[in-house]
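Working through the structure, step by step
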Amino acid sequence: MKKFNIRKGDTVKVLAGNDKGKSGKVLQLVTEKDRVIVEGVAMVTKHVKPTADKPEGGRESKEAAIHISNVMLVDPATGEGTRTGKKLNENSKLQRYSKKTGEFINNG
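So, here's what we can say about the structure. Predicted model, so just to flag it, every value in this text is computed and none were measured.

With that settled, the discussion passes to the overall build of the protein. If you tally the helices and strands in the protein, you get zero helices and nine strands. For the protein, the α and β elements follow one another from N to C terminus as β-β-β-β-β-β-β-β-β. Expected size for 108 residues packed as a compact globule is a radius of gyration near 13 Å; at 17 Å, the protein overshoots this value by more than 25%. Its C-alpha atoms give the protein principal-axis dimensions of about 55 × 25 × 25 Å. For the protein, the residues scored as buried account for 29% of the 108 residues in total.

To continue, consider the packing of aromatic side chains. All told, the structure shown has zero aromatic pairs when counted by the stated rule. It is Lys 87 that lies over the ring of Tyr 97; its NZ or CZ is 4.5 Å from the centre. The residue whose ring lies beneath Lys 87 is Phe 104, and the NZ or CZ to ring-centre distance is 5.6 Å.

A word on the sheet that holds strand S6 (residues 65–67). What the five strands build is an open sheet, ordered S6-S3-S2-S1-S7; its pairing is antiparallel. In this open sheet, the two edge strands, each paired with only one partner strand, are S6 and strand S7 (71–73). Mean inter-strand twist for the sheet, computed between neighbouring axes without regard to direction, equals 50 degrees.

Now for the environment of Pro 50. Here Pro 50 is to be found in the loop between strand S4 (43–48) and strand S5 (58–63). Apart from residues no more than four positions distant in its own chain, Pro 50 is found in contact with Pro 55 and Gly 57.

Rules used throughout
Residues numbered from 1 in each chain as written. Predicted model: local features only at pLDDT ≥ 70, side-chain atom pairs only at ≥ 80, totals over all residues. Heavy atoms only, no water. Helix = DSSP H or I, 4+ residues; strand = E, 2+ residues; numbered from the N terminus. Rg over C-alpha atoms; globule rule 2.2 N^0.38 Å. Buried < 20%, exposed > 50% of the residue type's maximum accessible area, 1.4 Å probe, protein only. Phe/Tyr/Trp six-rings, centres within 6.5 Å; stacked < 30°, edge-to-face > 60°. Lys NZ or Arg CZ within 6 Å of the ring centre and 35° of its normal. Pairing = 2+ DSSP bridges. Axes fitted to C-alpha atoms, helices over the stretch in contact; angles between N-to-C directions. Contact = heavy atoms within 4.5 Å.

Here it is as structure tokens:
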């Protein structure tokens with residue numbers, strides 16, 4: 001099983017692609033394909049057929065998945081991108097921390 005340094009609910013910054021420089025909250029991790037869905041990033045238009053629930057049909061904008069290597073976690077303390085590591089906190093529990101500032105990152 002792969003380990004990721006990004007979790008659902010984290011704020012991330014996009015490093016590559018058409019949305020480079022944008023940041024948003026992680027809505028979903030697609031672990032099988034190493035991808036994340038970020039709020040307001042990589043928007044695509046999906047055509048929807050009319051159904052009983054939505055009789056008018058139409059076009060919807062939704063977020064597409066982007067590769068996890070193209071995003072970087074944003075440090076909550078500074079608002080800048082940072083790499084992460086894991087170390088023991090004061091309760092002797094492993095927790096993520098920012099390698100830039102050394103501050104612990106709250107889980108979730």
